[in-house]
Amino acid sequence: MAAWSLAVLLGVPGLSTAQAVRPIRGPADQCTVQLRETLRLGSLEDPGTIGSRPEITRTERGEHIVASAENRGELLVYDSEGGFRGTFGRGGDGPGEYVMPGRIRLGPDGSLVILDLRNRRITRVSGEMELLETVGVRSLQGLDFVTLDAGSRYAVSGFGQVDGRLNATTELIDGDGERITGLGDMPVEAWIVNFFRSPVAVDGQGRVWSARAGEYAFEGWEPDGAEEAVVRLAGEADWFDPGPPQPGVPVTAPIPSVVMSLRFDEGLMWVGTWVADRNWADNAGIESSALDLDGLLDTILEVIDPDTGRIVARARRDEALRGTGDDALLFGVREEGGIPRAVLYETSLAGTGCPASDRPRM
């Protein structure tokens, strides 16, 4: 969709002349993203379920933590080989309780940091899943976050009221949950949670990056909370459809393109974007399971050099993939006999045109 439609729909402000703007350019020629399946999580014998929209993180000890709304506040723990080990947490709004546990990140000293959308707070637990602290996030409802300065600050993206209007927003939050500053607001008109998803990541220079909700664009901010982004990457890919959002997102195709994963590795930015499945029209009359998004969504995987905007590698997968909170893996959810299972992948680059320093992403 043309760039003017985004400005009309979302009210995007003009760019600052002090900001470095780099066009995303490509396509990549002889380098592609490859995935290798490493593990599957979930079985009929488990007391909880992987769920339809889980969040997954691999701990320093190799365990896998799964959060899903269907488990009503309990989080599932699997060992490094995919065997179920137990649960922690429970439903509620007290200490160590969750209503809608979502994004899980690795914290300092092997701890886990858990973002609760409905309770609007961040909870930190030890590597043994014991409660350490809970911080209320007062200014927005968070969908993604990264820890900064060993957990003394957070960059949180989500949605909230800014100057009396509903906005997709990213903010710096201090260790007490107070807003320090905003890292870009985008007014929107519809209460559709998926449309507010703007994944965040930290690069090797400590800059905080955020995908622009509804745009094929990414902004990098200095960690001290400068008033504007220092760099912006933006493109007009013919496969990226920014909207407007459809009722029922994301289980009704076609949908707006939504950036679902963002991370940095060896100086390169890895991006995963959900787009409507190429064959969605052929399957429109077939009733599909809410557990299985693969018939409705494809994922565009790209690796971009943030210093130049050049696309290093690109691949399209016929499945709905998202990133783990430890930034090490990608995963999808498949229905097998009515039971949802998480399929985890390691990523790597392959081809003669790949950077010489590339290695498998572990």
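Here, the structure is the one placed above.
Throughout this document, residue positions are counted from 1 along each chain, in the order its sequence is written. This being a predicted model, a pLDDT of at least 70 is required before a residue's local features are given, and a value of 80 or more before pairs of side-chain atoms are given or counted; all residues contribute to the totals for chains, interfaces and linings. Hydrogens are left out, water is left out, and the side-chain values use all remaining heavy atoms of the structure.

**So, the sheet that holds strand β20 (residues 231-234)**
Reasoning step 1: Across the sheet, 5 strands lie side by side as β1-β20-β19-β18-β17; this open sheet has mixed pairing. Bordering the open sheet on either side are β1 (20-23) and β17 (200-202), each of which pairs with just one other strand. Within the sheet, the average angular offset between the axes of one strand and its neighbour, ignoring direction, is 20°.
Reasoning step 2: When β17 meets strand β18 (residues 208-211), the two strands line up antiparallel, connected through 3 bridges. Directly across from Ala201, in β18, lies its bridge partner Trp209. Strand pairing is assigned whenever DSSP detects at least two bridges linking the two strands. Runs of H or I in DSSP of at least four residues are treated as helices and runs of E of at least two as strands, each being numbered from the N terminus. Here an axis means a line fitted to C-alpha atoms, over the contact stretch when the element is a helix, while the angle between two N-to-C directions is reported on a 0 to 180 degree scale.

**Section: the side chain of Asn71**
Reasoning step 1: Inspection of the secondary structure assignment puts Asn71 in the loop between β4 (64-67) and β5 (75-78).
Reasoning step 2: Here the term buried applies to any residue with accessible area under 20% of the maximum for its type, exposed to any over 50%, and partly exposed to those in between, with areas from a 1.4 Å probe on protein chains only. Of the residues examined, Asn71 reaches a relative accessible area of 10% and is grouped as buried.
Reasoning step 3: Residues count as neighbours in contact if any of their non-hydrogen atoms are within 4.5 Å of one another. What Asn71 contacts, discounting residues up to four positions off in sequence, is Gly48, Thr49 and Leu76.

**Digging into unusual backbone geometry**
Reasoning step 1: One non-glycine residue with positive phi stands out, namely Asp109, at about 60°.
Reasoning step 2: On the secondary structure map, Asp109 appears in the loop between β9 (101-106) and β10 (112-116).
Reasoning step 3: Exposure remark for Asp109: the relative accessible area of 80% places this residue in the exposed category.

**A short note on the pairing of strand β26 (residues 330-336)**
Reasoning step 1: Here strand β25 (residues 322-323) pairs with β26 via 2 bridges, running antiparallel. Pairing of Gly323 across the sheet is with Leu330, part of β26.
Reasoning step 2: In this structure, the hairpin formed by β25 and β26 is closed by a connection of 6 residues, where Asp327 is found at a positive phi of approximately 60°.
Reasoning step 3: Hairpin connection, β26 to strand β27 (residues 339-350): the antiparallel pair is bridged by 2 residues, and Gly337 has positive phi, about 65°.

**Remarks on the pattern of salt bridges**
Reasoning step 1: We define a salt bridge as a contact between a side-chain nitrogen of Lys or Arg and a carboxyl oxygen of Asp or Glu at a distance within 4 Å. Overall, the coordinates contain 27 salt bridges when judged by the stated rule.
Reasoning step 2: With a closest N to O distance of 3.4 Å, Glu215 and Arg212 form a salt bridge.
Reasoning step 3: A relative accessible area of 11% means that Arg212 is categorised as buried.
Reasoning step 4: Across the salt bridge formed by Arg317 and Glu319, the nearest N and O atoms sit 2.6 Å from each other.
Reasoning step 5: Judged by its relative accessible area of 5%, Glu319 falls in the buried class.
Reasoning step 6: Taken together, the shared-partner salt bridges in this structure form one network comprising Glu55, Arg103, Arg105, Asp144, Arg322 and Asp327.

**Let's talk about the packing of aromatic side chains**
Reasoning step 1: Aromatic pairs are defined between Phe, Tyr and Trp rings, using the six-membered ring for Trp, whenever the two ring centres lie within 6.5 Å; interplanar angles under 30 degrees are classed as stacked, those over 60 as edge-to-face, and all others as tilted. Following the criterion strictly, the structure yields 7 aromatic pairs and no others.
Reasoning step 2: Ring plane angle 75° and centroid distance 5.5 Å describe the contact between Tyr78 and Phe84, whose orientation is recorded as edge-to-face.
Reasoning step 3: By relative accessible area, Tyr78 is classed as buried at 1%.
Reasoning step 4: Owing to a relative accessible area of 29%, Phe84 belongs among the partly exposed residues under this scheme.
Reasoning step 5: A connected cluster of aromatic rings, assembled from ring pairs, spans Tyr216, Phe218, Trp239 and Phe240.
Reasoning step 6: Counting as a charge over the ring demands two things of the Lys NZ or Arg CZ atom: a distance within 6 Å of the ring centre and an angle within 35 degrees of the ring normal. Here the guanidinium or amino end of Arg263 rests over the ring plane of Trp270, the centre of that ring lying 4.5 Å away.
Reasoning step 7: Taking the ring centre of Tyr345 as reference, the NZ or CZ of Arg317 above it sits at 5.4 Å.

**Side note on the state of the cysteines**
Reasoning step 1: Here, two cysteine sulfur atoms that lie within 2.5 Å of each other are counted as a disulfide. In the structure shown here, the tally under the stated rule is 1 disulfide.
Reasoning step 2: Disulfide pairing is shown between Cys31 and Cys354; the S-S distance is 2.1 Å. What sets the handedness of the Cys31 and Cys354 disulfide is the S-S torsion sign, and at about 100° it is right-handed. With a gap of 323 residues between them, Cys31 in the loop between β1 and β2 (32-41) and Cys354 in the segment after β27 connect regions that are remote in the sequence. The burial state of Cys31 is the same as that of Cys354; both residues are buried.

**A look at the pairing of strand β22 (residues 268-276)**
Reasoning step 1: Here β22 lies mainly inside the structure; 9 of its 9 residues are buried.
Reasoning step 2: Summarising the sheet, strand β21 (residues 258-265) and β22 pair through 7 bridges and their orientation is antiparallel. Along β22, the bridge assignment pairs Val258 with Trp274.
Reasoning step 3: In this sheet, strand β23 (residues 297-304) lies alongside β22 in antiparallel orientation, the contact comprising 8 bridges. Paired with Val275 across the two strands is Asp298, which belongs to β23.

**Focus: the side chain of Glu55**
Reasoning step 1: Note on placement: Glu55 falls in strand β3 (residues 55-58).
Reasoning step 2: Exposure remark for Glu55: the relative accessible area of 6% places this residue in the buried category.
Reasoning step 3: Polar contact is the term for a pair of N or O atoms within 3.5 Å; when the atoms are in protein, one must be able to donate a hydrogen and the other to accept it, and sequence-neighboring residues count only if both atoms are side-chain atoms. At a separation of 3.4 Å, a polar atom in the side chain of Glu55 contacts the side chain of Arg103.
Reasoning step 4: There is a polar contact of 3.0 Å between the side chain of Glu55 and the side chain of Arg322.
Reasoning step 5: Every residue in contact with Glu55, bar those within four places of it in the chain, is listed here: Ile65, Val66, Ala67, Gly102, Arg103, Ile104, Arg197, Arg322 and Phe331.

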